[in-house]
Amino acid sequence: MGENIPRVVIVGGGFGGLGAAKALKNAAANVLLIDRTSHHLFQPLLYQVATSVLTPGQIGSPIRGIVGKQKNTTVILGEVTGVDKDKKYVLVSDADRVDVPIPYDFLILATGVTHSYFGHNEFEKFAPGLKNLADAVAIRNKILQAFEQAEAEEDPARHRDLLTFVLVGAGPTGVEMAGAIAVLVRNTLRSEFRRIHPESARIMLLDMAPRVLGPFSERLSGAAKTRLEKLGGEFRLGHGVYQIDADGVLVAGERILSKTVIWTAGVAPSPAGKWLDVSTDRAGRVRVQPDLSVPGHPEVFVVGDTASLDQDGKPLPGVAQVAMQQGRYTGRLIGRRISGQTAPAPFRYFDKGNMAVVGKGFAVLQSGKFQLSGFPAWLAWAGVHLQFLAQSSLRVSVFVQWVWTYLTGQRGSRLIVNHHGAELPETIIQQAPPQLATLGK
Ligand SMILES: Cc1cc2nc3c(=O)[nH]c(=O)nc-3n(C[C@H](O)[C@H](O)[C@H](O)COP(=O)(O)OP(=O)(O)OC[C@H]3O[C@@H](n4cnc5c(N)ncnc54)[C@H](O)[C@@H]3O)c2cc1C
């Protein structure tokens with residue numbers, strides 16, 4: 001690529017950033033795709049890693065591998081820490097360099113979201129969220145560890161809080177996690193323990209909203225709740241959680257004792273709005289123009305979860321389809337601008353619908369006025385998710401794993417893997433003799 005060819009810097013190799021990079025495949029541009037992780041992550045299946053169905057490698061693909069054949073695209077592993085939109089460069093830090101300026105002619109920020117504890121960051125220590133592969137493996141460890149601790153515990157009175165799983169947030173992620181834990185205890189673990197009965201585990205869903213699966217119709221929300229109740233799920237809806245600590249949660253004056261609390265409630269956007277010093281919505285997402293650019297800077301675009309755009313009077317949701325379509329649109333727009341073609345019409349989201357899976361062989365699906373629940377919806381859910389995995393090798397591997405798990409109840413990875421050395425749960429360290437306590441430090 002020559003020196004005079006415009007440089008397009010894309011920050012984020014998620015759904016939005018990757019969509020943009022692919023759309024620029026044939027553009028006369030130098031594309032630089034920067035991500036702080038080496039892989040593109042299929043977040044909708046994170047809960048399956050957290051509940052041992054799939055392995056991390058089945059939902060994450062090296063970004064370098066995905067765009068490897070795209071000659072105009074270079075992938076950089078680095079963390080963007082700021083943007084100078086007047087001098088047109090981004091600041092990137094990597095393993096051995098800090099805040100290196102990288103110039104751009106066009107910039108696409110697709111940096112997604114992180115957890116939000118709604119001002120209660122102290123909850124994070126006790127209620128981890130699910131956003132990346134490290135989170136999913138940590139939650140998998142926590143869930144599996146709870147069964148191991150209960151089996152080792154002679155006092156049956158302590159089994160109850162060890163086998164109570166609380167999910168804060170009854171949106172799609174909370175519902176999908178709850179269903180997957182229910183299937184784990186009933187189909188996979190039930191015959192493997194001697195002192196405890198895994199199927200007696202309590203699975204509780206808590207939410208401030210009065211019903212589960214808020215984005216879905218009342219009928220589908222009701223169907224999902226009934227299904228979870230059949231699987232043993234319990235609900236505390238319409239109340240906020242006031243406290244989360246090492247012993248459990250406090251909701252509507254009720255103390256729920258639990259050693260495994262998982263946060264699936266809220267997200268906050270990346271700092272893109274702060275980097276750009278532009279107007280944001282109440283959540284902190286960058287308010288973009290109808291062509292997804294930033295006001296006053298037609299060369300800077302923000303797409304996906306970290307962007308805010310209204311369509312027909314309503315804000316677009318933070319879902320993968322919005323990010324993919326916005327990424328593709330921006331890539332095409334930049335390609336047209338570089339080749340001197342007219343600008344495309346303003347961005348318009350085409351909503352293909354929502355889906356959520358609730359345990360084995362059951363899902364809810366809503367597309368416009370069309371609504372479906374049960375096994376046919378689950379088949380559609382499985383087909384769509386397979387189709388959107390980043391590489392064909394993953395599609396084959398996930399399909400085979402799903403069929404195997406469906407038929408046998410066996411899971412892809414039920415390992416408790418501690419990537420940080422010999423850390424032991426705090427309760428063990430506190431009660432252990434001195435030599436063991438030293439080990440845990
Ligand atoms: C558990 C879970 C389940 C979900 N389920 C569904 C579902 O069923 N259906 C659905 O449609 N949507 C679902 N979503 C939402 C969907 O995944 C997001 O809407 C989508 O990923 C947004 O795409 P994005 O490109 O904006 O951000 P992301 O896909 O999050 O990508 C952001 C990328 O930016 C990188 N990045 C962030 N900050 C920096 C930085 N400073 N420097 C460099 N790189 C950076 C990150 O590493 C990441 O690769 C789910 C999300 C989660 C967390």
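**Student:** Explanation requested: the packing of aromatic side chains in the structure shown.
**Tutor:** What describes a pair of aromatic rings is the distance from one ring centre to the other and the angle between the planes of the rings. Scanning all chains against the criterion turns up ten aromatic pairs. Measuring from centroid to centroid gives 5.6 Å for Tyr329 and Phe347, while their planes differ by 75°, and the two rings are edge-to-face. With a gap of 18 residues between them, Tyr329 in helix α9 (residues 320-338) and Phe347 in the loop between α9 and β25 (354-357) connect regions that are remote in the sequence. This pair shows no difference in class: Tyr329 is buried, exactly as Phe347 is. The ring centre of Phe235 lies 5.1 Å from the NZ or CZ of Lys225, which sits over that ring. The ring centre of Tyr406 lies 4.7 Å from the NZ or CZ of Lys360, which sits over that ring.

**Student:** I would appreciate a short explanation of the nonpolar core in the present structure.
**Tutor:** A general trend in soluble globular proteins is that nonpolar side chains are found buried together. Counting residues in hydrophobic clusters, the biggest one holds 66 residues, and the most contacted among them are Leu45, Ile59, Ile143, Phe147, Met177, Trp381 and Trp402. Top element by residues in this core is helix α6 (residues 172-188). It accounts for eight residues. Apart from residues lying up to four places away in sequence, Trp402 is in contact with Leu45, Gln48, Val53, Leu54, Trp381, Ala382, His385 and Leu386. Within the second largest apolar cluster, 50 residues are counted, among which are Ile10, Leu33, Val278 and Ala307.

**Student:** Is there a simple way to explain the sheet that holds β25 in this structure?
**Tutor:** Note: strands within a sheet are paired through backbone hydrogen bonds, in either parallel or antiparallel orientation. Reading across from one edge, β25-β26-β27 is the order of the three strands in this open sheet, with antiparallel pairing throughout. Two strands bound the open sheet, and with one partner strand each, they are β25 and β27 (370-374). Between one strand axis and the next, the sheet turns through 5° on average, direction left out of account. Of the pairings in the sheet, the one linking β25 to strand β26 (residues 363-367) comprises four bridges and is antiparallel in character. Following the sheet pairing, Val357 is matched in β26 by Ala363. Across the sheet, helix α7 (residues 218-230) touches β26 and β27, and the angle it forms with β27 is around 5°. Contacts between helix α10 (residues 375-388) and the sheet are confined to β25, β26 and β27, with β27 contributing the most and set at about 100° to the helix.

Quick notes on the rules
- Residues numbered from 1 in each chain as written.
- Predicted model: local features only at pLDDT ≥ 70, side-chain atom pairs only at ≥ 80, totals over all residues.
- Heavy atoms only, no water.
- Phe/Tyr/Trp six-rings, centres within 6.5 Å; stacked < 30°, edge-to-face > 60°.
- Helix = DSSP H or I, 4+ residues; strand = E, 2+ residues; numbered from the N terminus.
- Buried < 20%, exposed > 50% of the residue type's maximum accessible area, 1.4 Å probe, protein only.
- Lys NZ or Arg CZ within 6 Å of the ring centre and 35° of its normal.
- Core = buried A, V, L, I, M, F, W, Y, C linked by side-chain atoms within 4.5 Å.
- Contact = heavy atoms within 4.5 Å.
- Pairing = 2+ DSSP bridges.
- Axes fitted to C-alpha atoms, helices over the stretch in contact; angles between N-to-C directions.

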